[in-house]
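# Observations on the three-dimensional arrangement
The primary structure of each chain is shown beneath.
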Amino acid sequence: MKIKHIKHILFAFVTIVSLASCNDNDDGRMNNEPDFSGTFVQADQMGRPAVNTVFVSANSKDAFNVTIPSDQGAMFQNMFQTNLETLSPAFSDAGDKNALGLDAATFTGLLATDVLGVSTTGTTTFFDGTNVLTGRNLSDDVISVELLLIFGGEDGTENPGLTDDHVDANDKPFLTSFPYLALPW
Amino acid sequence: MRKSKNLYWILGILLTGIALVAADHIDAPAVSGGTSDITDYFAFQGENSSNLVFAANVQGLLSPNATSTASFNENVLVEFNIDNTGDNVEDLVIQAIARNDKMYFFGPFAPPTTGLNSSIQTAAIASVVDITLYGANTITTTNQGMQFFAGPRDDPFFFDFGQFGEILAGNATGFNDPGIDTFAGTNVLSIVIEIPKNMLGGNGTLNTWVETKTN
């Protein structure tokens, strides 16, 4: 009889302990749920397209990716301006501007903080002829916009051979509904 | 013969490395070609105009064959950052990470610390979606007006990067018309989130960006 009691008590005890160990878990996960613990350290970062690729010098590309956006302007604007003026020498002339009315310092000051602005109240687009940098749609021809702003001068007519790559759309149509991106090849 | 063959390969690898850097594809040595390499990022109004869509792509330039075996790395956390106060510091984050063929989503939540290091906010679990397999029907989940997807997709980026390289190298003076889309026929691994705008705060404009973080 005693042994039977002990068995029951032991069973009850084990049950309580195993339930408690589930509840005790800090993150609320049970033993069969995945482990999400640990510290994750930044590897890559991106806001606007092609920024690191075009404007950051080769030996600084990793550093740019692990700099928080609020520090990027102070750390990288000078480098962006030097590289912009090398790529498109007209920008080094005093007062030279692009189609947004931005000179080299202002344009690179905008780009060096690599975040993508997105409107929550109006049209979202990288550039649609009216709205500028209010988001980025899948179909936006962002490269031709950037080429125009880099090479096109004040009215977009300078260097006509460099301001449009003449690839104006994706190789597959996008979907009108979630998840919007086309099926893989 | 052997030497010239090696040289050919080295040259080919070099040229590929130069030619295929683009939106953010293989942008920097530490992430180039790895599972934490962000290729692209999009933020736009959804089909329902009350929603925004965030899309991040990793692991670019996958051939169809490579896509069939490509998978999200479970050590790579993808973090969508939302600044709704205009100081370029994240006020809200949405986290995505793969476990056992599923993508787990957390947030949006206000991170206890901002910056380069993150821990996963398990209490802010938003959804779990089966990662869509290559060639299979698209799987999505919904929760509290949000929608979630993870899986291979066509790379939405398009650019005649080959000709741009020729221009930079001094071998050409301009683009061709028509150009050639360097990214045609290639795939990426995509994470897509649709979320009601009223969950994101702000006064009409948000600053947003995506990060990969590894452990």
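Values in this document were obtained by computation on a predicted structure and should not be read as measured data.

### A closer look at the overall build of chain A
On a plain count of helices and strands, chain A comes out with 6 helices and 2 strands. Going from N to C terminus, chain A has its helices and strands arranged as α-β-α-α-α-α-β-α. Going through the 185 residues of chain A one by one, you find that 38% of them count as buried. Considering only intrachain contacts with a sequence separation of at least 6, the fraction spanning at least 24 residues in chain A is 43%.

### Topic: helix α3 (residues 161-168) of chain B
Residues and elements named next belong to chain B. Every buried residue of α3 is listed here: Phe-161, Gln-163 and Phe-164. The buried residues of α3 occupy an angular sector of 155 degrees when the element is viewed end-on, so they sit on one face. The positive-phi residue at the C-terminal boundary of α3 is Gly-170, with phi of around 85 degrees.

### Quick word on the pairing of strand β1 (residues 38-45) of chain B
All names here are of chain B. For β1, the tally of buried residues reaches 8 of 8 residues, placing the bulk of the element in the interior. Pairing between β1 and strand β2 (residues 51-62): 7 bridges, direction antiparallel. Residue pairing across strands places Tyr-41 opposite Ala-56, the latter belonging to β2. With antiparallel pairing between neighbouring strands as the criterion, β1 and β2 make up a hairpin whose turn holds 5 residues.

### Focus: the interface of chain B and chain A
Listed by partner, the interface residues are 83 residues for chain B and 62 residues for chain A. Per-element accounting of the side of chain B that touches chain A gives the leading share, 10 residues, to strand β11 (residues 205-214) of chain B. Split into classes, the residues belonging to the side of chain B that touches chain A amount to 37 nonpolar, 29 polar and 17 charged. Note: strand β2 (residues 116-119) of chain A against β11 of chain B, 4 bridges, orientation antiparallel. The partner of Val-118 of chain A across the bridge, within β11 of chain B, is Leu-206 of chain B.

### Description of the pairing of β11 of chain B
For β11 of chain B, a buried count of 8 out of 10 residues is recorded, marking the element as mostly surrounded by other parts of the structure. Sheet analysis places strand β1 (residues 40-46) of chain A next to β11 of chain B, joined by 5 bridges and oriented antiparallel. Pairing of Gln-45 of chain A across the sheet is with Glu-211 of chain B, part of β11 of chain B.

### A look at the packing of helix α4 (residues 69-87) of chain A against helix α5 (residues 104-112) of chain A
Residues and elements named next belong to chain A. Following both chains from N to C, one finds α4 and α5 inclined at 130 degrees, their axes separated by 8 Å at the closest point. Here α4 lies oblique to α5, going by the angle between them. Crossing handedness for the pair α4 and α5: right-handed. Taking contact as the criterion, the partners of Gln-72, Gly-73, Phe-76, Gln-77, Phe-80, Gln-81, Leu-84 and Glu-85 in α4 are, on α5, Ala-104, Ala-105, Phe-107, Thr-108, Gly-109, Leu-111 and Ala-112. Classifying every residue of the contact of α4 with α5 gives 8 nonpolar, 6 polar and 1 charged.

### Re the confidence of the model for chain A
Considering every residue of chain A, the mean pLDDT works out to 88; 83% of them sit at 70 or more. Low confidence marks residues 10-29 of chain A, where pLDDT is under 50. Its contacts with residues over four positions away, or in another chain, come to 7 contacts.

### Considerations on unusual backbone geometry
With an omega dihedral of 5 degrees, the bond running from Phe-178 of chain A to Pro-179 of chain A counts as a cis peptide bond. One can find Pro-179 of chain A in the segment after α6 (142-151). With an omega dihedral of 0 degrees, the bond running from Gly-107 of chain B to Pro-108 of chain B counts as a cis peptide bond. As for its placement among the helices and strands, Pro-108 of chain B is situated in strand β5 (residues 102-109). Phi is positive for Asn-88 of chain B, which is not a glycine, with a value near 60 degrees. Relative to the elements of secondary structure, Asn-88 of chain B occurs in the loop between β3 (76-83) and β4 (92-99). For Asn-88 of chain B, a count of 19 C-beta atoms within 10 Å puts it in the partly exposed group. Here Gln-144 of chain B, not a glycine, exhibits a phi torsion of approximately 50 degrees, which is positive.

How each quantity is defined
- Residues numbered from 1 in each chain as written.
- Chains lettered and ligands numbered in written order.
- Predicted model: local features only at pLDDT ≥ 70, side-chain atom pairs only at ≥ 80, totals over all residues.
- Helix = DSSP H or I, 4+ residues; strand = E, 2+ residues; numbered from the N terminus.
- Buried ≥ 20, exposed ≤ 12 C-beta atoms within 10 Å, placed from the backbone.
- Contact = placed C-beta atoms within 7 Å.
- Arc of directions from axis to C-beta.
- Pairing = 2+ DSSP bridges.
- Nonpolar A, V, L, I, M, F, W, Y, C, P; charged D, E, K, R; others polar.
- Axes fitted to C-alpha atoms, helices over the stretch in contact; angles between N-to-C directions.
- Parallel < 35°, antiparallel > 145°, perpendicular 65-115°, else oblique.
- Left-handed = near helix turned anticlockwise from the far one by under 90°.
- pLDDT = per-residue confidence, 0-100.

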